[in-house]
Amino acid sequence: MSLVDPPVPQTSPTFAASSSSSPIAPGNVSTATPAAGAVDAAKIYGSGDSEVRALDGVTVGFEAAHFSAIMGPSGSGKSTLMHCLAGLDALTSGAVYIGDTYLAKLNDRQLTEFRRTEVGFIFQAYNLIPTLNAYENITLPLLLGGQKGDQAWIDRVVETVGLRNRLKHRPSELSGGQQQRVAVARALASKPRIIFADEPTGNLDSRTGAEILDFMRRAVNELGQTIVMVTHDPQAASYADRVVFLADGKIVDEMQEPTAESVLDRMKRFGD
Amino acid sequence: MFRISLKNVLARKARLFLTAFAVIAGTAFLSGVLIFTGTIKQSFDDLFAKAYSKTDAFVRSSNKIESQFGQAQRDQIPDSLVAAVRSVPGVAEAGGNVSGFATMTSLTGKSSQKASGPPEFGGSLGNVATTPWHLTTGSKQPSGGTEVVIDKSSAKNMGVKVGDQINITAASGSAKYTVVGIATFGDSDTSGGAAWALFDLPTAQKVVLNKTGLIDSIVVKGDGSLTDTALAQKIETALGPTSQTQVLTGAQITDESKSAIEKSLSFLTLFLTIFAGISLFVGSFIIYNVFSISAAQRQKENALLRAIGASSRQVSASMFIEALIVGLVGAVIGFAAGIGLAALITGILSAVGFGVTGAGLVISPSVPVITIIVGLVVTLVCAIAPALRSGRVPPLAAMRDVALEKGAVSRGRVIGGAIVVAIAIASLITGLAGSSAIWLVPGVIGIYVAFIVLGPIIASPTAKIVSAPLRRFRGVTGQIAGQNAARNPRRTAITAGALMIGVSLIIGVATVGSSVRQSIKDTFGKQFTGDYSITPVSDSGLGGLPTALSDQVAALPEVQSSTGLGANRITIDDPKTGKGAARTVIVVDPKTVGNLYNLGFTQGSLQALTPDGIAISSDRATGDGLKMGDTVNVVLLNQAKVALKVEGIFTQDTLANRIVPRDLFKSQNSPLFDFQIVVTKKPGVSDAAAFAAIKKLTDPSQTAKLQTKAQYIADQSSSIDGFLNFIYALLGMSIFIAAIGIVITLLLSVYERRRELGLMRAVGTTRSQIRSSIRWESLITSVLGAVEGVIIGVLLGWVVVRALRSQGLSSFSVSTTAVVFVAVMAILLGLAAAWFPARRASRSDILAAIATT
Ligand SMILES: Nc1ncnc2c1ncn2[C@@H]1O[C@H](COP(=O)(O)OP(=O)(O)OP(=O)(O)O)[C@@H](O)[C@H]1O
Ligand SMILES: [Mg+2]
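Please read these numbers as outputs of a predicted model, since none were measured by experiment.

Novice: Describe in detail the overall build of chain A, supporting the description with residues and values.
Specialist: Counting its regular elements, chain A contains eight helices and ten strands. Pairs at least 24 apart in sequence give 69% of the contacts found in chain A among residues at least 6 apart. By element, 48% of the accessible surface of chain A is carried by carbon and sulfur atoms, the whole surface being about 11,500 Å².

Novice: Now, about the packing of helix α19 (residues 721-752) of chain B against helix α21 (residues 767-803) of chain B: what can you tell me, with residues and values included?
Specialist: All names here are of chain B. One can describe the packing of α19 onto α21 by two numbers: an axis separation of 11 Å at closest approach and a directional angle of 140 degrees. With respect to α21, the element α19 is oriented oblique. Viewed along their axes, α19 and α21 form a crossing whose handedness is right-handed. From α19, Ile742, Leu746 and Val750 reach across to α21, where they touch Ile774, Glu777, Ser778 and Ser782. Classifying every residue of the contact of α19 with α21 gives four nonpolar, two polar and one charged.

Novice: With reference to specific residues and values, describe the interface of chain A and chain B.
Specialist: On the chain B side, the residues contacting the 26 residues of chain A number 25 residues. Summed over both partners, the interface of chain A with chain B buries about 2,400 Å², with 63% contributed by carbon and sulfur atoms. By the criterion of area lost to chain B, the three top residues of chain A are Tyr126(A), Thr131(A) and Leu144(A), representing 28% of everything that side buries. Joining chain A to chain B, the criterion identifies two salt bridges. The salt bridge involving Arg761(B) is made with Asp108(A); its shortest N-O contact spans 3.1 Å. Applying the counting criterion to the chain A and chain B interface returns six residue pairs in polar contact (both at pLDDT 80 or more).

Novice: Please provide a residue-by-residue account of the site of ligand 1, values included.
Specialist: All names here are of chain A. With respect to spatial proximity, 13 residues lie near ligand 1, and among them Ser74, Gly75, Lys78, Ser79 and Thr80 are the closest. Here an oxygen atom of ligand 1 sits 3.0 Å away from a polar atom, N or O, in the main chain of Gly77. In isolation ligand 1 exposes 630 Å². Once the protein is present, 59% of that is buried. It is helix α1 (residues 78-85) that provides the largest number of residues to the shell around ligand 1, a total of three residues.

Novice: Requested: an account of the environment of Asp216(B), with residues and values cited.
Specialist: All names here are of chain B. When you line up the elements, Asp216 lands in the loop between β13 (214-215) and β14 (217-222). Relative accessible area serves as the criterion here: at 17%, Asp216 is assigned to the buried category. Residues Asp216 and Lys140, 76 residues apart in the sequence, show an inter-C-alpha distance of 24 Å. With residues up to four places along the chain from it excluded, the contact list for Asp216 reads Val59, Arg60, Ser61, Gln76, Ile77, Asn97, Val98, Ser99 and Leu209. A polar side-chain atom of Asp216 sits 2.8 Å from a polar atom in the side chain of Gln76.

Novice: Report on a nonpolar patch on the surface, specifying residues and quantitative values.
Specialist: Residues and elements named next belong to chain B. A surface patch of nonpolar side chains, amounting to about 650 Å² of accessible area, comprises Val783, Val787, Ile791, Val820, Val824, Ile827, Leu828 and Leu831. At the level of secondary structure, the elements contributing two or more residues to the nonpolar patch comprise α21 and α22 (816-842). Here the nonpolar patch gets five residues from one element, more than from any other, and that element is α22. By the element assignment, Val787 lies in helix α21.

Novice: So what about the sheet that holds strand β3 (residues 67-71) of chain A? Which residues, and what values?
Specialist: The strands making up a sheet associate through backbone hydrogen bonding, with each pair oriented either parallel or antiparallel. Residues and elements named next belong to chain A. Spatial ordering of the open sheet is given by β6-β7-β8-β3-β9-β10, a layout of six strands whose pairing is mixed. Where the open sheet ends on each side, the last strands, each with one partner, are β6 (119-122) and β10 (250-256). With direction set aside, neighbouring strand axes in the sheet form an average angle of 20 degrees. In the sheet, β3 pairs with strand β9 (residues 242-247) via four bridges, with the strands oriented parallel. Within β9, the position partnered with Met71 by the bridge is Phe245. Its contacts with the sheet place α1 against β3, β7 (194-198), β8 (227-230) and β9, and it is angled at close to 155 degrees to β7.

Novice: Explain helix α13 (residues 489-527) of chain B to me, using residue names and the numbers behind them.
Specialist: With 39 residues, α13(B) ought to run about 57 Å at 1.5 Å a step, and its terminal C-alpha atoms sit 54 Å apart, in line with that. The element α13(B) is largely enclosed, with a buried count of 31 among its 39 residues.

Novice: How would you summarise the confidence of the model for chain A if you had to cite specific residues and measurements?
Specialist: When the pLDDT values of chain A are averaged, the result is 82; 87% of them are 70 or greater. Contacts from residues 1-31 of chain A, a stretch scored under 50 in pLDDT, to residues over four places away or in other chains number 37 contacts.

Novice: Before we move on, can you summarise the domain arrangement of chain B with the specific residues and values?
Specialist: Residues and elements named next belong to chain B. Looking at the assigned domains, one finds that chain B contains domain 1 (99-209), domain 2 (461-529 + 711-853) and domain 3 (545-702). Taking only C-alpha atoms, the centre of domain 2 and the centre of domain 3 are 48 Å apart. Tallying the contact residues gives nine residues for domain 2 and 13 residues for domain 3. Ranking the residues of domain 2 by area buried against domain 3 places Gln527, Phe528 and Thr529 at the top, with a combined share of 60%. The interface formed by domain 2 and domain 3 includes zero salt bridges. Counting every contact that joins domain 2 to domain 3 gives one residue pair in polar contact (both at pLDDT 80 or more). Broken down by element, the side of domain 2 that touches domain 3 gets its largest block of residues, three residues, from α13. Of the residues that constitute the side of domain 2 that touches domain 3, the class distribution is two nonpolar, six polar and one charged.

Novice: Mind laying out the pattern of salt bridges, listing which residues take part and the relevant values?
Specialist: Opposite charge on two side chains makes pairing possible when the charged atoms of those side chains draw close. In this structure the tally under the stated criterion is 32 salt bridges over all chains. Residue Glu752(B) is joined to Arg491(B) by a salt bridge in which the shortest nitrogen-to-oxygen separation is 3.0 Å. In this pair, Glu752(B) is assigned in helix α19 and Arg491(B) in helix α13, connecting sequence segments 261 residues apart. For Glu752(B), a relative accessible area of 23% gives the class partly exposed. A salt bridge links Arg753(B) to Glu777(B); its shortest N-O distance comes to 2.8 Å. One end of the pair, Arg753(B), is in the loop between α19 and α20 (754-762); the other, Glu777(B), is in helix α21, and 24 residues separate them in sequence. For the pair formed by Arg753(B) and Glu777(B), the shared burial category is buried. One connected set of salt bridges, linked through shared partners, spans Glu51(A), Arg53(A), Asp56(A) and Lys250(A).

Novice: Run through the environment of Ala554(B), naming residues and quoting values.
Specialist: All names here are of chain B. Tracing the backbone through its elements, the reader meets Ala554 in helix α14 (residues 548-554). Using a relative accessible area of 29% as the deciding quantity, one classes Ala554 as partly exposed. Considering only alpha carbons, one finds Ala554 and Ile694, 140 residues apart in sequence, at a separation of 9.5 Å. Excluding residues within four positions of it along the chain, Ala554 makes contact with Val559 and Ser562.

Novice: A description of unusual backbone geometry should follow, citing residues and the corresponding values.
Specialist: Residue and element names in this part refer to chain A. Not every positive phi belongs to a glycine, and Asp40 is a case in point at roughly 50 degrees. Here Asp40 is to be found in strand β1 (residues 34-45). One non-glycine residue, Glu199, lies in positive phi territory at about 45 degrees. Relative to the helices and strands, Glu199 is located in the loop between β7 and α6 (206-223).

The rules behind each value
Residues numbered from 1 in each chain as written. Chains lettered and ligands numbered in written order. Predicted model: local features only at pLDDT ≥ 70, side-chain atom pairs only at ≥ 80, totals over all residues. Heavy atoms only, no water. Helix = DSSP H or I, 4+ residues; strand = E, 2+ residues; numbered from the N terminus. Contact = heavy atoms within 4.5 Å. Areas by Shrake-Rupley, 256 points an atom, 1.4 Å probe, with all protein chains shown as cover. Axes fitted to C-alpha atoms, helices over the stretch in contact; angles between N-to-C directions. Parallel < 35°, antiparallel > 145°, perpendicular 65-115°, else oblique. Left-handed = near helix turned anticlockwise from the far one by under 90°. Nonpolar A, V, L, I, M, F, W, Y, C, P; charged D, E, K, R; others polar. Buried area = accessible area lost by both parts, 1.4 Å probe. Salt bridge = Lys/Arg side-chain N within 4 Å of Asp/Glu carboxyl O. Polar contact = N/O pair within 3.5 Å; in protein donor to acceptor, adjacent residues only side chain to side chain. Near = heavy atom within 4 Å. Buried < 20%, exposed > 50% of the residue type's maximum accessible area, 1.4 Å probe, protein only. Patch = residues over 30% accessible without salt bridge, like charges linked within 9 Å, V, L, I, M, F, W, Y side chains within 5 Å. Pairing = 2+ DSSP bridges. Expected span 1.5 Å × (residues − 1). pLDDT = per-residue confidence, 0-100. Domains from an automatic or database assignment.

So, in structure tokens, the structure goes:
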């Protein structure tokens, strides 16, 4: 496969998940239209001897109104894939799309606006602007676009996250779990097409982590939100509808309706 | 520990550069001033060495009146002494010399000077054996009453060559002369930027002194048989004490001239050093801020050092050593930058006609020593508090997250601030109540200290208040900007404080200036009752209008009356102690003065002054315990002792405290000049006709400026503008440093917030929104500094004006132009200072920001 001449799909990305360039044929291909995905995505850091193929021909799709998880050993390219999918980083070759928008076609300003309106983020830490209070952090993407947003929706999000009486607090006055909940609420508030979460519970104890995951699950079930989450934790992955496994920059496996045990089993095999 | 410090410094080259920049900016001015004044001094030293290079002995009058600045005013001596000196054994050549005020213009009206300022002299060329002047080829010695040799620089400026005619105005009046030669002073075009018209001795006596038989000095060249000291001794003995002369060796007169110039230059040096000090002080705010911020940013790292076993002293010491390195590097570069600055100033000066640099810049070894010591000390002092603070960081802080600076509103700060305010107000009240103006100094300093101490307390609320409307029309970026400005109140307050100092001084000076202008307008409007004023074009402070001009104007058929005013120095005995002190008196002509000047006489009048009379201001009368008819003992330049009677007391004392009649100086050798002639036209004569008639008389000389009353008053009230602009330019340096301070603080803050900025970008903030929020933050800081500065500046101005009320500063007026200027400047400064930090911020790396480590 040539890196200089990447196979950019000419047709709708609908077929992307079952692309023949995928190293393994997924066993259970969903028929729904993917909300986002990558086509033959490659990301190469450095060159020559120090070349690192963080992504090495990844083709994957994530279904709308589904909760998907990405798993894999450390350094397998999970974060890289997510950053590229979210338009935070650019691919070396291949393409990523959200809805029917190919991100590579957007300039910096369009991409920024696209992120603001179509994409929500939850990071492992440093999610919030320290000078803004919880409510302002939640509505930040809306405020940035100069919009008021859907007040009823925001109220519902705030209610669901259980932050009603913490809205006026600054991040430094919130616990780690509360901060993550604010981050989840922010991701939801602008009704993005898709939310990306990179180890959102990585810094939390298991109980607080469970609360956040439960909340994300409900956002998918009740609000119809699409969420893609990177995680190390089989327990966290069990909240997802589907898990995609990544190793050495390649999709190596996937699993529908995962449980903590089945994921753990699969993960153990990476050690071999 | 030193290795760690060095590594720290090198690892953060950008921060090193930013900190050093504050040191550089502060010390460059100091070094520039030292080099500049040293260069001027050297060029004058060279000048005098050249002027007296052929002089072995120098004879002059022993009668003198001391002057505050520069050389004493000396009497003339009879030219018959030249022959007496020449006959002394050991003397090879002796020549009489004359020098005084004379101003030249070409027939087309071109001045001999590129800009007014350097003095204009007329004098005798002297004989070849003793003169420092060299005639260029094609020139000949001047002789007869109409020939003149001029310096090469004046010839260039006027566009005159040998054979051309020029106008010369001196004590004797104005006349045309033929240029027969062009001379250089040693190898320079002229001596120190001055213009020289050189005649043969009899002509110089007539033109420059307006007297015959008198000279200023005798320059003697020995035949080599005696040492200079022995020669001078011999001449002194030969002339005897009755001649009232003094004989100096060539070395003595050179040294005396040098030290006189040094005395007047020391004022300039002090003046410029004060402004360098202000810049350095402003710079110290920035240096302190940078160390504080970097201490805060390194809190985690320092805590880690502490956790792994570094003592708190070691942590502080490492910070201190870093300051030492930064201070040293900054001061060395500052010294070098000062060389450039001095070169720039002298370059500008010689471009406008002050040829101060004959031999390039003079850098005495003391300059780098002083600059580096001052730079180092200031940097280290600024680093003390931040270094101690870093040492006190608990090891536990290594585990904590963000390092925010401590809150601003500590109780100690509030109490300290309140005490300073109380002391400042108390001293101001004491000072203004009149007991002693010296109280105003701690009062004003106290106000500054109060603003600096309380700055962080007001910074946060102010930033929030400002950002409230910002949020309205700039949305969330405006709000974030406001909160960022408010989040480190100490940082914001210090950054704004640096700007506050420069702005307050500018506004203070502008307020005093505009009050002076207003006072001049008010008092001159009252005192000046003539229709027209004639003043000298040149404002070198030397000479003026020939006294005959007033009578010529009075003789015009369109003119009702005309009178000249002059100034002179005499020694006046203090009525209490009986000791004499040199004083400036205003000289009037009682015969013509009429009521052209309204000085509010309560007793007597100017017209009624007899040749032995003096009029004094009521303040002086009270101060010296004098009343009408009392005697004031004075000594003139020629040592004549005169007992003057108080014949008038007046209240309007802006012009002078003492006024004497012109006849008092009848016996004096030195020529009298008028600094102004006041004219009224005949009733019934049209304004235009009278003006045209006088102009016809004054125009040919090109040296007198005719103005209507309104023009004259406007001109007078703007007479201080040049000086004010000079001060503004000097203060501009501190504003520049404050702007650099904003840039540095913003850059460090942007660096500190790179994570946050990356996150902002990730969730959809556009680059231009990021830039805008940094711009607003910068604007909030600069506007805060400007507002503080305007408040203190107006207060400062008011205090000074109040304190000077007894000196005739009757009006208080705030310069709206200055306030508007400062406001606009603050906004532009804020925008400009934000440019680079905003660019940096908008390029924050999103991925680096959200990386978990
Ligand atoms: N900026 C970079 N420069 C060079 N190499 C990089 C860079 N970022 C990531 N890599 C490399 O790319 C590979 C994938 O990194 P990535 O962060 O995506 O892994 P990950 O699966 O998220 O790991 P973890 O579970 O530890 O977070 C790794 O080998 C990493 O070293
Ligand atoms: Mg990762």
